Amino acid sequence: MIRLKYPTHKIDRRSLWQSYDQEQLQQARDTLGITDAWVSYSWGFSEQTEQADYQFLRDRLVNFQRLGIKTHAYVQGTNLVWAEHQDTDYYCRDYRGRLIPYHRGRKLTCPNNPAFQAYLHRKVALALEEEVDGVFVDNMHFGLFPVMLGKGRFTFFGCQCAYCQEQFKREVGSPIPGLFHRQSELFEAYIDFRVRGLMALVRALAAQIHASGKAFGTNSFDPRYETRLFYGTDLQQLAQVQDYLLFENHHLPSKKRSNAYLQPLVSPLTLPVFVVSYHKGIGREKQYSQADLNAVYSESQALGYAPCYKASEYTTKHVWHNMRFEQLQPVHKVESRRAQAVTLESDIPRLPGGRWLSRVFNRFYVPAMERYYENKLVRRSMAWLFYRVVR
Ligand SMILES: [Zn+2]
């Protein structure tokens, strides 16, 4: 799995292999006060490829249990490794019938596709057989993300596979448009349709996981984007069926940023909220300093969320490695001079509009993403732009 997940990086394999050893976990608990761990189970490879990963985890779960750390089996959500799943059509399509890329070698899968629903339930059923305390489904979003074009239009977003087309026609009475006009009933109807489909799958997963008496959560990404429009999720509904919410963002406390914008969301909720914050993004930053971790800890205490740390995805001097706990002291509260208040401005990535330009952007959206993910040179030269948009 390590080789497949990071094919182009230098990797400190030893540190990754040791990450579930008791000594490492003890250090994690002593320095960061770890109570819960999201452990790798399925990254969207085939069952055959993942057999070794299942066994790796199975052999080490006892280490977590001995330390009283709860485990949540990580299962990939609505995307799969294309090379390993070509026999069945699980996939989203854009308005021109094209597959939609999700990072390198992966394609987005459709929550309305019965074959994909069955696939995901099977992966979750496998995870439930292990002695884990919960199952976490990552990356639960519905198809392509929308990009605003000028003030009045949106690119095609979501999915236009045969299942979505048929269902939308049945429920709304017209085909899914290829380009959206913001002030239109069809646009609103499509947003509702997309949320209904994704939330139905989340509810079904919740029922499956809760039937085994285990905890359930999904990744809700960054709620600074309007979640119904951007991801196809409804936070209220997620809170009703999940045992916790988990947000992932680029708001590691710094001079300019903080997680204060989450407070209005977090305060009314009675369930735990975990927050994973990056500075630059996965694979683009070295291990956090003691000051970073102290700032996260202090902020989480003030705002009422539980900080969640990526264990393995640091790149120091171009080498991927697990967090080096031996270099850390126990976290403690500090008087932080890092940003205290950043208000939540609902925010959608946008490009210039106009009738002609909108069509051009819409048409090249998916091919441009494909190039970005699949071509190393394009990725290296355009990464700054990509991260400027997502951050
Ligand atoms: Zn679809």
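Residues numbered from 1 in each chain as written. Predicted model: local features only at pLDDT ≥ 70, side-chain atom pairs only at ≥ 80, totals over all residues.

### So, the overall build of the protein
Phase 1 of the analysis: When its secondary structure is counted, the protein shows 13 helices and 16 strands.
Phase 2 of the analysis: Taking 2.2 N^0.38 as the reference for a compact globule, 391 residues should give roughly 21 Å; the C-alpha atoms of the protein span a radius of gyration of 21 Å, in line with that estimate.
Phase 3 of the analysis: Reported as C-alpha extents along the three principal axes, the dimensions of the protein are approximately 60 × 45 × 45 Å.
Phase 4 of the analysis: In the protein, which comprises 391 residues, the proportion classed as buried is 37%.
Phase 5 of the analysis: Intrachain contacts of the protein at a sequence separation of at least 6 include 78% that bridge at least 24 residues. (Helix = DSSP H or I, 4+ residues; strand = E, 2+ residues; numbered from the N terminus. Rg over C-alpha atoms; globule rule 2.2 N^0.38 Å. Buried ≥ 20, exposed ≤ 12 C-beta atoms within 10 Å, placed from the backbone. Contact = placed C-beta atoms within 7 Å.)

### Observations regarding the sheet that holds strand E8 (residues 153-154)
Sheet strands associate in pairs through backbone hydrogen bonding, adopting either a parallel or an antiparallel arrangement.
Phase 1 of the analysis: An order of E9-E8-E7-E16 is seen for the four strands of this open sheet, with the pairing classed as mixed. Looking at the sheet topology across the chains shown, the edges are occupied by strand E9 (180-181) and strand E16 (350-351).
Phase 2 of the analysis: In this sheet, E9 lies alongside E8 in antiparallel orientation, the contact comprising two bridges. Residue pairing across strands places Phe154 opposite Phe180, the latter belonging to E9. (Pairing = 2+ DSSP bridges.)

### Focus: helix H6 (residues 162-172)
Phase 1 of the analysis: Buried residues of H6: Tyr163, Cys164 and Phe168, and no others. Across the axial projection of H6, the buried residues extend over an arc of 120 degrees, all falling on one side. Relative to its buried face, H6 has exposed residues pointing more than 90 degrees away, namely Glu166, Lys169 and Arg170.
Phase 2 of the analysis: The inward-facing, buried residues of H6 abut helix H7 (185-211). (Arc of directions from axis to C-beta.)

### Topic: the nonpolar core
Phase 1 of the analysis: The biggest cluster of nonpolar side chains holds 78 residues, and the ones touching the most others in it are Ala73, Val75, Cys110 and Val135.
Phase 2 of the analysis: With eight residues, H7 is the single largest residue contributor to this core. (Core = buried A, V, L, I, M, F, W, Y, C linked by C-beta atoms within 7 Å.)

### What about unusual backbone geometry?
Phase 1 of the analysis: Phi is positive for His103, close to 55 degrees, though the residue is something other than glycine.
Phase 2 of the analysis: Along the polypeptide, His103 turns up in the loop between strand E4 (79-81) and strand E5 (106-108).
Phase 3 of the analysis: In this structure, Asn139 takes a positive phi of about 50 degrees despite not being glycine.
Phase 4 of the analysis: Assignment of secondary structure puts Asn139 in the loop between strand E6 (134-137) and strand E7 (148-149).

### Points about the pairing of strand E2 (residues 36-42)
As a general feature of sheets, a regular strand has side chains that alternate between the two faces.
Phase 1 of the analysis: Taking burial as the measure, the seven residues of E2 include seven buried ones, the bulk of the element.
Phase 2 of the analysis: In terms of strand pairing, E2 meets strand E3 (residues 70-75) through six bridges, oriented parallel. Each residue of the ladder has a partner; that of Ala37, found in E3, is Thr71.
Phase 3 of the analysis: Handedness of the crossover joining E2 and E3 through helix H4 (residues 47-67): right-handed. (Right-handed = clockwise from strand over helix to strand, strands pointing away.)

### Things to note about the sheet that holds strand E13 (residues 306-307)
Phase 1 of the analysis: Spatially, the three strands line up as an open sheet ordered E11-E12-E13, and their pairing is parallel. Of all the strands in the sheet, just strand E11 (245-249) and E13 have a single pairing partner and so form its edges.

### Re the environment of Arg371
Phase 1 of the analysis: Structurally, Arg371 is set in helix H12 (residues 355-374).
Phase 2 of the analysis: Arg371 sits in the partly exposed class, given 15 other C-beta atoms within 10 Å.
Phase 3 of the analysis: Here the alpha-carbon distance between Arg371 and Arg104, two residues 267 residues apart in the chain, equals 9.6 Å.

### Topic: H12
Phase 1 of the analysis: Given a rise of 1.5 Å per residue, 20 residues ought to cover 28 Å, and the 30 Å separating the end C-alpha atoms of H12 matches this to within 8%.
Phase 2 of the analysis: At Tyr365, H12 shows its strongest bend, of approximately 45 degrees, with the proline Pro367 following within four residues.
Phase 3 of the analysis: Turning to H12, its buried residues number three or more, namely Ser358, Phe361, Asn362, Tyr365 and Val366.
Phase 4 of the analysis: In this structure, the buried side of H12 is in contact with E7, E8 and E16. (Expected span 1.5 Å × (residues − 1). Bend = angle between axes of the 7 residues up to and from the residue.)

### Overview of the packing of helix H3 (residues 22-32) against H4
Phase 1 of the analysis: Two elements in contact, H3 and H4, have axes whose closest approach is 9 Å; the angle formed by their N-to-C orientations is 35 degrees. Crossing handedness for the pair H3 and H4: right-handed. Facing H3, whose interface residues are Gln22, Leu25, Gln26 and Arg29, H4 presents Asn63, Phe64, Arg66 and Leu67.
Phase 2 of the analysis: Residues that form the contact of H3 with H4 fall into these classes: three nonpolar, three polar and two charged. (Axes fitted to C-alpha atoms, helices over the stretch in contact; angles between N-to-C directions. Left-handed = near helix turned anticlockwise from the far one by under 90°. Nonpolar A, V, L, I, M, F, W, Y, C, P; charged D, E, K, R; others polar.)

### Some words on the pairing of strand E12 (residues 273-277)
Phase 1 of the analysis: Along E12, four of the five residues are buried, which leaves the element largely enclosed by surrounding structure.
Phase 2 of the analysis: As paired strands, E12 and E13 are joined by two bridges and run parallel to one another. Considered in E13, the bridge of Phe274 is made with Ala306.

### Observations concerning the environment of Cys161
Phase 1 of the analysis: Relative to the helices and strands, Cys161 is located in the loop between E8 and H6.
Phase 2 of the analysis: Accessibility expressed as a C-beta count within 10 Å gives 25 for Cys161, which makes it buried.
Phase 3 of the analysis: Residues Cys161 and Gly97 lie 64 residues apart in sequence; the distance between their C-alpha atoms is 7.2 Å.
Phase 4 of the analysis: In this structure Cys161 touches Tyr91, Cys92, Arg93, Cys110 and Asn113, once residues within four positions along its chain are discounted.

### What about the packing of helix H5 (residues 114-128) against H7?
The description of two helices packed together rests on the angle between their axes and the distance between the axes.
Phase 1 of the analysis: Running from amino to carboxyl end, H5 crosses H7 at an angle of 25 degrees, the nearest separation of the two axes being 11 Å. It follows that H5 is roughly parallel to H7 by the angle criterion. Our pair here, H5 against H7, has a crossing hand that is right-handed. Contact with H5, carried on its side by Gln117, His121, Val124 and Leu128, involves Leu201, Leu205, Gln208 and Ile209 of H7 and no other residues of that element. (Parallel < 35°, antiparallel > 145°, perpendicular 65-115°, else oblique.)

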